[in-house]
Amino acid sequence: MITEIAPAREQESVAPRQPRKVRRAWDEVPRWQIYLPLGIYLLFTLIPFYWILLFALRPAGSTSLVPWPMTFDHFQKVWTERSFGVYFQNSVYVGVATLILTTLVALAGGYALARFEFRIKRTFMLALLCSQFVPGALLLVPLFQIFAKLQMINSLGSVIIAETVFQLPLSMILISGFIRNVPQSLEEAAWVDGCNRLTAFRIVVLPLLRPGLIAVGSFAFVHAWNHFLFALMFLSDQSKQTIPVGLNTLMSADSVDLGALAAGGIVAAVPVVIVFAFIQKWLITGFSAGAVKG
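Residues numbered from 1 in each chain as written. Predicted model: local features only at pLDDT ≥ 70, side-chain atom pairs only at ≥ 80, totals over all residues. Heavy atoms only, no water.

**Q** Kindly report on the pattern of salt bridges, identifying the contributing residues and their values.
**A** Taken as a whole and judged by the stated rule, the model has two salt bridges. The partner of Arg115 in a salt bridge is Glu187, with the nearest N and O atoms 2.6 Å apart. Note that Arg115 is positioned in helix 4 (residues 84–115) and Glu187 in helix 8 (residues 184–192), a separation of 72 residues in sequence. Residue Glu187 is classed as buried on the basis of its relative accessible area of 0%. Lys121 is the partner of Glu117 in a salt bridge, and the nearest nitrogen-oxygen pair spans 3.3 Å. By relative accessible area, which is 70% here, Glu117 ends up exposed. Given a relative accessible area of 11%, Lys121 falls into the buried group. (Salt bridge = Lys/Arg side-chain N within 4 Å of Asp/Glu carboxyl O. Helix = DSSP H or I, 4+ residues; strand = E, 2+ residues; numbered from the N terminus. Buried < 20%, exposed > 50% of the residue type's maximum accessible area, 1.4 Å probe, protein only.)

Have a look at this one:
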């Protein structure tokens with residue numbers, strides 16, 4: 001009898017315990033304490049957008065708080081009379097060109113920082129970080145003189161080069177951090193199979209960098225799209241101006257056309273909102289992954 005009961009007791013003593021549920025502090029917080037601040041913040045954020053839509057869609061001279069009857073005369077005015085169609089085309093050209101140049105150069109520089117060791121690497125990284133503290137307005141005079149000697153004043157190429165140069169430091173740091181997250185053993189395996197460094201990078205590493213490239217490219221595009229200073233200083237011909245400068249032309253010293261200004265602001269904001277709506281998942285993944293190491 002004793003020999004039969006002992007194994008049963010032994011089995012009961014080694015039976016796995018059920019894991020205790022860990023109660024976190026925020027599990028006990030009432031829902032209204034979470035939703036109320038978020039609702040207030042959302043309301044505070046959406047009111048300016050509604051105000052812009054109100055001025056853009058209601059007739060001129062109306063004081064109604066509801067855009068009814070709705071009109072699109074302000075959009076037609078800024079697109080045709082105020083040449084916003086030309087400004088929009090120029091902004092797209094500058095933004096896409098800046099995106100391509102910044103991504104390509106940052107990809108090459110980020111790979112060099114992530115995979116190679118050289119004597120001034122730490123100094124170079126420190127210089128990249130310090131360059132982020134230099135405002136663009138401080139370099140307007142030397143940049144203007146350089147572009148004047150190159151005969152690039154009043155050319156979209158000057159704005160593209162200036163935007164690319166100012167986007168490169170942060171872009172290279174992000175890309176280098178993202179490449180460090182890709183194991184170098186994957187490249188070494190491709191080298192063993194007969195690939196050179198460039199082919200191994202194109203086949204193995206580049207497909208894994210898609211979130212980082214999307215993050216860097218979108219950041220460069222949005223900054224070039226919204227930047228006002230370079231386009232104002234380097235472009236004098238109205239047919240080559242961008243949307244931020246075009247918005248500035250709607251405001252004069254004597255009066256401001258609020259309806260046209262609101263319509264122009266919506267025209268400037270809609271493409272950026274659409275881009276972020278499609279790439280937000282890749283954007284968050286790219287920035288978080290690129291900031292982990294480096």
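**Q** Help me get a handle on the packing of aromatic side chains, residues and values and all.
**A** For the structure on display, the rule yields 12 aromatic pairs. An angle of 45° between the planes, with centres 6.1 Å apart, marks the rings of Phe72 and Phe75 as tilted. Taking the centre distance of 5.2 Å and the plane angle of 80° together, the rings of Phe147 and Phe234 count as edge-to-face. Taken together, the positions of Phe147 in helix 6 (residues 140–149) and Phe234 in helix 11 (residues 229–234) put the pair 87 residues apart, joining distant regions of the chain. Judged by relative accessible area, which is 4%, Phe147 ranks as buried. A network of ring pairs unites the aromatic residues Phe144, Phe147, Phe166, Phe230 and Phe234 as a single cluster. Directly above the ring of Phe55 sits Arg58, whose terminal nitrogen or CZ lies 4.6 Å from the centroid. (Phe/Tyr/Trp six-rings, centres within 6.5 Å; stacked < 30°, edge-to-face > 60°. Lys NZ or Arg CZ within 6 Å of the ring centre and 35° of its normal.)

**Q** Can you break down the packing of helix 4 against helix 7 (residues 156–180) residue by residue, with the values?
**A** Remark: helix 4 packs on helix 7, axes separated minimally by 6 Å, with the N-to-C direction vectors making an angle of 35°. By crossing handedness, the relation of helix 4 to helix 7 is classed as right-handed. A per-class count over the contact of helix 4 with helix 7 returns 17 nonpolar, nine polar and three charged. (Axes fitted to C-alpha atoms, helices over the stretch in contact; angles between N-to-C directions. Left-handed = near helix turned anticlockwise from the far one by under 90°. Nonpolar A, V, L, I, M, F, W, Y, C, P; charged D, E, K, R; others polar.)

**Q** Requested: an account of the side chain of Ser218, with residues and values cited.
**A** Turning to its location among the elements, Ser218 is positioned in helix 10 (residues 210–226). On the accessibility criterion, Ser218 (5% relative accessible area) is buried. A polar side-chain atom of Ser218 sits 2.8 Å from the main-chain carbonyl oxygen of Ile214. (Polar contact = N/O pair within 3.5 Å; in protein donor to acceptor, adjacent residues only side chain to side chain.)

As far as function goes, none of this settles anything; it's purely spatial.
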